[in-house]
Amino acid sequence: MIITVTLNAALDVTYEVPSVTWDGVNRVGAVHRRAGGKGVNVARVLAALGQDVLVTGLAGGPTGRAIEHDLRAAGLPAALTGIAAESRTTLVVSEPGGATLFNEPGPEVSAAELAAFVERYTSLLAGADAVVVSGSLPRGVPADFYATLAAVAARAGVPAVVDADGDPLRHAPEGRPAVVKPNAEELARAVPGGTPEEGAQALRERGAEAVVVSMGADGLLAVTGEGTFRARMPYTVRGNPTGAGDSLVAGLALGLVEGSPWPDRLRRAAALGAAAVAAPVAGDFDGEVYADIHPQIVIT
């Protein structure tokens, strides 16, 4: 089983439109409402790949109940810790060739609520093969909390994948996660100056076992204990990039559980990320795009 952690769970709303007029009236072609947040998206992809998953995190208020209802409807097992404040909503406006994302900041979390989550999370690790800790932190959560969760998992013998930005990313290696997955911009903010390879190596020196950098159309860079690898994409997929990184992380987590060689896990992760761009909603991926692009990805 793979546990995913989404502390800032959301109700994701996606508007599909033919084009956007920002100072006028827009007609929405289709509306999608579903439970979201990076860990939830990762769980959806893993479940679609036939993996047992468990969604954990925080949820509160009517929006939190809507999130839990959607997870049940989707058949995604969940063990969310309740909080008093209202969970957030996100909005994606998706048009052909691109998308714009609006993220609410999320609820305020108390120390007691956070302690209750940690207690539950620790007990759940007994049945886990890996854990994915990803996304933004709601207000009231310390910046080093992802490092704490990775360290708790490591003590339980469970490898962790951390996907974060800003201070949570800078602190993440302290928990000695198996994989840290920033994108190129997040890495540059965490380790200013130098090349992506130098930045990734710096995070490894701080404690991460491996660092995988997603570089958009340029593919992936992985700096690991077994060497440095590049996954190069054969072509660019156009569409909605929201959730592409989550699909990529799902591929990395699955490779971690299977113990597959780095070239194989990077090829699958890169293909899943590209296939997610072709899907209209975060947490989904286009199977035909995946099947087409997977064998064409070059690993060096």
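Thresholds applied
- Residues numbered from 1 in each chain as written.
- Predicted model: local features only at pLDDT ≥ 70, side-chain atom pairs only at ≥ 80, totals over all residues.
- Heavy atoms only, no water.
- Buried < 20%, exposed > 50% of the residue type's maximum accessible area, 1.4 Å probe, protein only.
- Axes fitted to C-alpha atoms, helices over the stretch in contact; angles between N-to-C directions.
- Helix = DSSP H or I, 4+ residues; strand = E, 2+ residues; numbered from the N terminus.
- Parallel < 35°, antiparallel > 145°, perpendicular 65-115°, else oblique.
- Left-handed = near helix turned anticlockwise from the far one by under 90°.
- Contact = heavy atoms within 4.5 Å.
- Nonpolar A, V, L, I, M, F, W, Y, C, P; charged D, E, K, R; others polar.
- Pairing = 2+ DSSP bridges.

Novice: Can you walk me through unusual backbone geometry in this structure?
Specialist: Across residues other than glycine, the phi torsion is negative in most instances, and most of the peptide bonds are trans. In this structure, Arg176 is a non-glycine residue whose phi angle is positive, near 55°. Here Arg176 falls in the exposed class, since its relative accessible area comes to 57%.

Novice: Can you walk me through the packing of helix H8 (residues 244–258) against helix H9 (residues 262–277) in this structure?
Specialist: Two numbers describe a pair of packed helices, the interaxial angle and the distance between the axes. Two numbers describe how H8 lies on H9: the axes approach to 7 Å, and their chain directions differ by 155°. Between H8 and H9, the angle falls in the class roughly antiparallel. For the pair H8 and H9, the crossing hand works out as right-handed. Note on element contacts: H9 touches H8 through Trp262, Arg265, Leu266, Arg268, Ala269, Leu272, Gly273, Ala276 and Val277, opposite Ala244, Ser247, Leu248, Gly251, Leu252, Leu254, Gly255, Leu256 and Glu258. Partitioning the contact of H8 with H9 into residue classes produces eleven nonpolar, four polar and three charged.

Novice: What am I meant to see in the sheet that holds strand S7 (residues 98–103) here?
Specialist: Through backbone hydrogen bonds, the strands of a sheet pair up, either in parallel or in antiparallel fashion. Strand order in the open sheet made by the four strands is S3-S2-S6-S7, with mixed pairing throughout. The two strands at the open ends of the sheet, each matched to only one other strand, are strand S3 (30–36) and S7. Going across the sheet, the axis of each strand differs from the next one's by a mean of 20°, ignoring polarity. Helix H1 (residues 38–48) contacts strand S2 (10–16) and S3 of the sheet and is inclined by roughly 100° relative to S3. Packed onto the sheet, helix H2 (residues 61–73) meets S2, S3 and strand S6 (88–95) and runs at close to 95° relative to S3.

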